[in-house]
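Results of the structural survey
Okay, here's what each chain looks like letter by letter:
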Amino acid sequence: MRTLLLTVGGLLALLLFSVGAALAVGSEVALGEVYRVLWHHLTPGALPLLDETADRIVWQLRMPRVLLALLVGGGLSIIGVAMQTLVRNPLAEPYILGISSGASAGAALFYLGFLPPLLSQTLSLPLAAFIGGLLSITVVYLVARTGSRVSVARLLLAGVAMSSFMAAITAFVTYASPNPQKLQAVLFWLLGSFSSTHWDLLPLPAIVTGVGLLLMIGLARPLDAMLMGDEPAHSLGVPVEATKRLLIVLAALVTGILVASSGAIGFVGLIVPHAVRTVVGVTHRRLVPLSFLAGALFLLWADVASRVLLPGEELPVGVITAFCGVPFFLVLLRRSEYGFG
Amino acid sequence: MFFVLSIPPLYHTLKRTLFLTFLFGAVVATGCTGNPEAGAFTRSVTDDLGRTVLLPPSVERVVTIAPNLTEIVFVAGAGHKLVGVTTADDYPPAVDSLPHFGALPLDFEAIAVLKPDLVLANANINNPRDAETFDALDLPILFFSFQTLDEIFQRVRTIGDLLGTASHAAAAADSLEAAVAALRQTTDRAEERPLTLFLIDDETLFAFGSESYMHALIDLAGGRSATAEIEAVRPILNEEYVLTRKPEVIFGSFGEDYDPARLLEHHPTWDIVPAVRDGRIYSLNPDLVLRPTPRLLEGVRQMARRLHPALFPTTETPPAPTETP
């Protein structure tokens, strides 16, 4: 327990430092100005603002962006843990049940003008993406369910099939689109980006991710038992079917909201849980909180890279996560005696 | 995640370049040399890809496989020789009555049926490998590249020469060049040159990088381009960049009926950007600024009028000359 607390404490300190550093890097805003802006907002009235531009950049652009990157990184990582445990398969990730493909299809349909804007312009896209994701996982769940039981094999196969189906919708609407400008925007969105994050977009991801984290920590023991299989878990007194349903609903909700807010950022939910397992083993009491912190840190720095690698330009953060994450992951896999479950 | 790969990559390359417009191009060299082996009246022409093509003595049936070439053929006075255009063609209105064929992918069968004497292609958006297919079909094809306004006017002359309307084309190009010179004279009188940001999309901030023709257009319109130093073909700008660069005017190719308030809705932090604060956001018809045709001049004029309203009294400038059949 002490080592866990120490590791969590260490990671939290690192996280805090990273947030401070991430707020300071980017275009030409002096370091002093960055912390002046922060101080101004954290202690209202203590310091007057000097530079309006610095305020916009640090508090309106970088801060929500950093926070969303933390939430999405952490959220996708714990859902990755949940999915890998649910289907007892190391290939599982948050997108395996077709949520991201569904969300992408919804976003593409909306972007290219096949769906009307329901709410304001900025909120309609996340809504379309969320509905797409929800639709997709509902179909998958209905196919996998027989009576009160959920078949894992059917869940996986239906998820893969539904992903392909939704991807075909996305491919078709992008192909049929008469508007090349918007097409580029869709591609950018599909690869994931935090570039258009603002404060209004934060509360929902914060709530679902927070609930997800608490639930997953609370479920640590039943999840450990489920790794051994349905029968052993059942004999240990774990309500297996109820836990499965809870995990699916949780995954749908968290992944749906996160993908809707920042696009389908890949590899985080697959890689981070495995990387954390190589260090602390498979028990969920450690795996869940550490995956959350590690995923948050990873995506925070990936997002920093996506906005500072090319001066003045944005890269899709999904490209960075794959570029940096995958080689690191392969080395980790090769070097450690890694076993799953 | 992975389905992006399942979309044919070539399609994307084409689609991207369709509005990415002009990159690099070789210098065109056309010559009318008698070639005794291929018949006394056959001409040999070298295009911008360096291919040498033999043309019949007079070209009567022309097909264009890029919309900007259609417009140039009309300006060169040879619109009546067009027998087919792509489904993307929408200007001038006379193209509506012509047969249309698919361009992505190129519908070779439909083109062959039209029996053209000459096919005109844009080296920047059409696939150079299509030349082999046209060669196999025994259809002569010429690729042209466009990167500056001057080069576009030069192509008007070249195409007039090829299609037998040389004097009409030369007159059109002369008057276009005179119009540019006149515009340059007017905008040179401007006392200040506002820092100008051109955005291709309002949400994802696609802009023009250092090698683009757009900076020359903005310069001609009497502004300073804000993205001329970014070393990329078509960068996606960071919102911070716009905040720190502080452009005084923002132009967009979002269409003529665009509501400028939407830009602020997508980028709420920009309320302190001078262009947004002063209400100097102007959206243009994309065809006037993204398509390498003589209509770019009209796009530049519209930008100049927005940048320097004082230099342009209320009278509208006449539109760029088009063909009178």
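In what follows, the accompanying structure is described. (Residues numbered from 1 in each chain as written. Chains lettered and ligands numbered in written order. Predicted model: local features only at pLDDT ≥ 70, side-chain atom pairs only at ≥ 80, totals over all residues. Heavy atoms only, no water.)

With that settled, consider the overall build of chain A. Per the secondary structure count, chain A includes 14 helices and two strands. Radius of gyration (C-alpha) of chain A: 20 Å, near the 20 Å computed for a compact globule of 341 residues. Along the first, second and third principal axes, the C-alpha set of chain A runs to 65 × 60 × 40 Å. Burial status across chain A gives 57% buried among its 341 residues. Restricting to contacts in chain A with at least 6 residues of sequence separation, those with at least 24 account for 75%. Of the roughly 14100 Å² of accessible surface on chain A, a fraction of 72% belongs to carbon and sulfur atoms. Averaging the positions of the 19 positive and the 15 negative side-chain charges in chain A gives two centres separated by 11 Å. (Helix = DSSP H or I, 4+ residues; strand = E, 2+ residues; numbered from the N terminus. Rg over C-alpha atoms; globule rule 2.2 N^0.38 Å. Buried < 20%, exposed > 50% of the residue type's maximum accessible area, 1.4 Å probe, protein only. Contact = heavy atoms within 4.5 Å. Areas by Shrake-Rupley, 256 points an atom, 1.4 Å probe, with all protein chains shown as cover. Lys, Arg positive; Asp, Glu negative; His and termini not counted. Charge placed at Lys NZ, Arg CZ, Asp CG, Glu CD.)

Moving on, we come to the sheet that holds strand S8 (residues 141–144) of chain B. Residues and elements named next belong to chain B. Taken in spatial order, the five strands of this open sheet run S6-S5-S4-S7-S8, and their pairing is parallel. A strand with exactly one partner marks an edge of an open sheet, and here the two such strands are strand S6 (100–101) and S8. Of the pairings in the sheet, the one linking strand S4 (residues 62–64) to strand S5 (residues 82–86) comprises two bridges and is parallel in character. Within S5, the residue paired with Val-62 across the bridge is Leu-82. Each of S4, strand S7 (118–122) and S8 is contacted by helix H5 (residues 149–163), which is oriented at about 165° to S8, the strand it contacts most. (Pairing = 2+ DSSP bridges. Axes fitted to C-alpha atoms, helices over the stretch in contact; angles between N-to-C directions.)

Before going further, it helps to examine the interface of chain B and chain A. Contacts between chain B and chain A engage 42 residues on the former and 43 residues on the latter. Note on chain B versus chain A: buried area summed over both sides is about 3700 Å², and carbon and sulfur give 62% of it. Our count for the chain B to chain A interface comes out at three salt bridges. The salt bridge involving B:Asp271 is made with A:Arg56; its shortest N-O contact spans 2.1 Å. At the boundary of chain B with chain A, the tally comes to eight residue pairs in polar contact (both at pLDDT 80 or more). Tallied by class, residues from the side of chain B that touches chain A come to 22 nonpolar, seven polar and 13 charged. (Buried area = accessible area lost by both parts, 1.4 Å probe. Salt bridge = Lys/Arg side-chain N within 4 Å of Asp/Glu carboxyl O. Polar contact = N/O pair within 3.5 Å; in protein donor to acceptor, adjacent residues only side chain to side chain. Nonpolar A, V, L, I, M, F, W, Y, C, P; charged D, E, K, R; others polar.)

Residues and elements named next belong to chain B. In this model, helix H6 (residues 166–188) (23 residues) spans 32 Å end to end at C-alpha, consistent with the 33 Å of a helix rising 1.5 Å per residue. Taken as a whole, H6 has its buried residues at Ala-169, Ala-172, Ala-173, Leu-176, Ala-179, Val-180, Leu-183, Thr-186 and Thr-187. At its buried positions, H6 is contacted by helix H2 (67–75), H5, helix H7 (214–220) and helix H12 (296–307). (Expected span 1.5 Å × (residues − 1).)

A cluster of nonpolar side chains, A:Leu14, A:Phe17 and A:Trp301, forms an exposed patch at the surface whose accessible area comes to about 320 Å². With respect to the helices, strands and loops of the structure, A:Phe17 is situated in helix H1 (residues 2–24). (Patch = residues over 30% accessible without salt bridge, like charges linked within 9 Å, V, L, I, M, F, W, Y side chains within 5 Å.)

All names here are of chain B. With parallel pairing, the four strands of this open sheet are ordered in space as S10-S9-S11-S12. Looking at which strands have only one partner, the edges of the open sheet turn out to be strand S10 (224–225) and strand S12 (281–283). Both strand S9 (residues 195–199) and S10 contribute to a ladder of two bridges, which runs parallel. Residue pairing across strands places Leu-195 opposite Arg-224, the latter belonging to S10. Seen against the sheet, H12 touches S9, strand S11 (249–252) and S12 and runs at an angle of roughly 155° to S11.

Turning next to the packing of H5(B) against H6(B). All names here are of chain B. Contact pair H5 / H6: the axes reach a minimum separation of 7 Å and the direction vectors enclose 165°. Classed by the angle they form, the pair H5 and H6 counts as roughly antiparallel. Handedness of the crossing formed by H5 with H6: left-handed. When H5 is examined against H6, the residues Leu-149, Phe-153, Gln-154, Val-156, Arg-157, Gly-160 and Asp-161 are found in contact with a partner set consisting of Ala-166, Ala-169, Ala-170, Ala-173, Asp-174, Leu-176, Glu-177 and Val-180. Here the residues of the contact of H5 with H6 are counted per class, giving nine nonpolar, two polar and four charged. (Parallel < 35°, antiparallel > 145°, perpendicular 65-115°, else oblique. Left-handed = near helix turned anticlockwise from the far one by under 90°.)

A:Met216, B:Leu199, B:Leu237 and B:Trp270 are the most contacted members of the largest nonpolar core, which totals 124 residues. Sorting elements by how many residues they give to this core places helix H3 (residues 52–87) of chain A first, with 20 residues. Leave out the neighbours within four places in its chain, and B:Leu199 touches B:Leu205, B:Phe206, B:Leu237, B:Ile250, B:Phe251, B:Gly252, B:Ser253, B:Phe254, B:Leu263 and B:Trp270. (Core = buried A, V, L, I, M, F, W, Y, C linked by side-chain atoms within 4.5 Å.)

What follows covers the pattern of salt bridges. Oppositely charged side chains can pair when the atoms bearing their charge come close. One pass over the structure, following the stated rule, counts 27 salt bridges over all chains. With a shortest N-O distance of 2.5 Å, A:Arg62 and B:Glu240 are connected by a salt bridge. Taken together, the residues A:Arg62 in helix H3 and B:Glu240 in helix H8 (residues 239–245) connect one chain to another. A:Arg62 sits in the buried class, given a relative accessible area of 1%. The salt bridge involving B:Arg291 is made with B:Asp287; its shortest N-O contact spans 3.9 Å. On the basis of relative accessibility, which here comes to 12%, the residue B:Arg291 falls in the buried class. Put simply, A:Arg88, A:Arg149, A:Asp230, A:Glu241 and A:Lys244 are held in one network by salt bridges that share partners.

The next thing to look at is the packing of helix H4 (residues 99–111) of chain A against helix H11 (residues 240–262) of chain A. Residues and elements named next belong to chain A. Two numbers describe how H4 lies on H11: the axes approach to 10 Å, and their chain directions differ by 40°. Between H4 and H11, the crossing angle belongs to the class labelled oblique. For the crossing formed where H4 meets H11, the hand is right-handed. In contact with Ile-99, Ser-100 and Ala-103 of H4, H11 contributes Ala-251, Ala-252, Thr-255, Gly-256 and Val-259. A breakdown of the residues in the contact of H4 with H11 according to their chemical character gives five nonpolar, three polar and no charged.

Another aspect to go through is the side chain of B:Thr70. All names here are of chain B. Relative to the elements of secondary structure, Thr-70 occurs in helix H2. Residue Thr-70 is classed as buried on the basis of its relative accessible area, which comes to 0%. When near neighbours in sequence (up to four residues on either side) are disregarded, Thr-70 contacts Thr-64, Leu-82, Val-85, Asp-89, Tyr-91 and Val-95.

Where a strand is regular, its side chains alternate between the two sheet faces. All names here are of chain B. Within S5, five of the five residues are buried, which leaves the element mostly enclosed by the surrounding structure. Taking the sense of rotation as the criterion, the β-α-β connection linking S4, H2 and S5 turns out right-handed. Looking at chain direction, S5 and S6 are connected through two bridges and run parallel. The residue bridging Thr-86 from the neighbouring strand is Phe-101, located in S6. (Right-handed = clockwise from strand over helix to strand, strands pointing away.)

Tracing the backbone through its elements, the reader meets A:Ile79 in helix H3. Placed 32 residues apart in sequence, A:Ile79 and A:Tyr111 show a C-alpha to C-alpha distance of 27 Å.

Read these as layout, nothing more, since geometry by itself doesn't imply function.
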